[in-house]
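The residues making up each chain are set out below.
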Amino acid sequence: MPGSLTAEAVEKIATGLNGLLADVFTLYMKTKNFHWHISGRNFRDYHLLLDEQGDQLLAMTDPIAERVRKIGATTLRSISHIEKLQRINDSNDTDLTPEEMLKQLLEDNGHLVQILRDVHDLTSELGDVATTSVLENWIDEGERRIWFLYETQH
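As the structure is a prediction and not an experimental result, all values here were calculated from the model. (Residues numbered from 1 in each chain as written. Predicted model: local features only at pLDDT ≥ 70, side-chain atom pairs only at ≥ 80, totals over all residues. Heavy atoms only, no water.)

**Re the packing of helix α1 (residues 7–37) against helix α2 (residues 43–70)**
1) Next: It is at 9 Å that the axes of α1 and α2 come closest, and there the two elements cross at 160°. Comparing their axes, α2 and α1 come out roughly antiparallel. Read as a crossing pair, α1 and α2 show a hand that is left-handed.
2) Next: Class assignment of the residues belonging to the contact of α1 with α2 gives a composition of 16 nonpolar, seven polar and three charged. (Axes fitted to C-alpha atoms, helices over the stretch in contact; angles between N-to-C directions. Helix = DSSP H or I, 4+ residues; strand = E, 2+ residues; numbered from the N terminus. Parallel < 35°, antiparallel > 145°, perpendicular 65-115°, else oblique. Left-handed = near helix turned anticlockwise from the far one by under 90°. Nonpolar A, V, L, I, M, F, W, Y, C, P; charged D, E, K, R; others polar.)

**As for the packing of aromatic side chains**
1) Next: Evaluated as defined, the whole model comprises one aromatic pair.
2) Next: Ring geometry for W147 and F148: centres 5.1 Å apart, planes at 90°, overall edge-to-face.
3) Next: Residue class for F148 comes out partly exposed when judged on its relative accessible area of 27%. (Phe/Tyr/Trp six-rings, centres within 6.5 Å; stacked < 30°, edge-to-face > 60°. Buried < 20%, exposed > 50% of the residue type's maximum accessible area, 1.4 Å probe, protein only.)

**Quick word on the side chain of K30**
1) Next: Summarising the element assignment, K30 is placed in helix α1.
2) Next: The class of K30 is buried, set by a relative accessible area of 5%.
3) Next: Not counting chain neighbours up to four residues away, the residues in contact with K30 comprise N89, D90, S91, Q104, L105 and D108. (Contact = heavy atoms within 4.5 Å.)

**Observations concerning the nonpolar core**
1) Next: Judged by nonpolar contacts, the single largest core of 39 residues is most densely connected at L20, I64, L112 and L116.
2) Next: When residues of this core are assigned to their parent elements, the largest contribution, eleven residues, is made by α1.
3) Next: The residues touching L20, leaving out its near neighbours within four places in the chain, are I64, R87, L112, I115, L116 and L135. (Core = buried A, V, L, I, M, F, W, Y, C linked by side-chain atoms within 4.5 Å.)

**What to know about the layout of surface pockets**
Rolled over the atoms, a probe sized like a water molecule indicates the empty space that remains.
1) Next: In this model, the largest pocket occupies a volume close to 250 Å³.
2) Next: Residue lining of the largest pocket: 13 residues in total, with F25, T26, M29, Q86 and D90 positioned closest to the centre.
3) Next: Taken together, the elements giving at least two residues each to the lining of the largest pocket come down to α1 and α3 (79–85).
4) Next: With six residues, the top contributor of residues to the lining of the largest pocket is α1.
5) Next: Each residue belonging to the lining of the largest pocket can be placed in one class, and the counts come to five nonpolar, five polar and three charged. (1 Å grid on protein atoms, 1.4 Å probe; cavity = no way out; pocket = protein on both sides within 12 Å on 5 of 7 lines; lining within 4 Å. Points joined across faces, edges and corners; volume = space filled by probe spheres on them.)

**A word on the pattern of salt bridges**
1) Next: Tallied over the entire structure, the rule returns eight salt bridges.
2) Next: As a salt-bridge pair, E8 and K12 come within 3.1 Å of each other at their nearest N and O atoms. Separated by four residues within a single helix, E8 and K12 lie in helix α1, roughly one turn from each other.
3) Next: K32 is paired through a salt bridge with D51; the nearest N and O atoms lie 2.7 Å apart. (Salt bridge = Lys/Arg side-chain N within 4 Å of Asp/Glu carboxyl O.)

Have a look at this one:
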């Protein structure tokens with residue numbers, strides 16, 4: 001595909017973005033899992049918070065995959081591909097308290113923001129201005145999710 005990026009840059013950026021996409025899908029599913037299973041006296045507030053955060057994560061997935069395609073590479077194809085690349089852990093725990101759920105999501109969103117920053121550094125270094133720009137908005141959104149989750153703990 002014609003463009004200003006070298007083949008080596010495309011490969012590196014696609015690798016970074018596909019790993020990011022796997023992590024976003026993982027965190028989306030974990031957030032929805034906790035959204036569906038949270039209970040307790042703050043149920044409504046937490047349920048709505050996690051629904052909002054899940055929607056925000058899901059909204060990132062298509063633009064990430066499309067950036068990979070726009071630069072001429074291929075993106076994720078299956079759940080097993082996600083599993084192979086993800087760095088954020090799943091949760092199959094059935095007895096977490098709401099506080100434990102929110103703490104896990106706080107930590108995971110912190111991890112995701114660091115991954116976003118790492119991919120941002122890579123795309124900036126390789127001259128992919130369009131991807132770098134989009135990542136900056138997602139970093140800001142991630143910091144907002146962290147802020148909201150942090151405030152539930154204090």
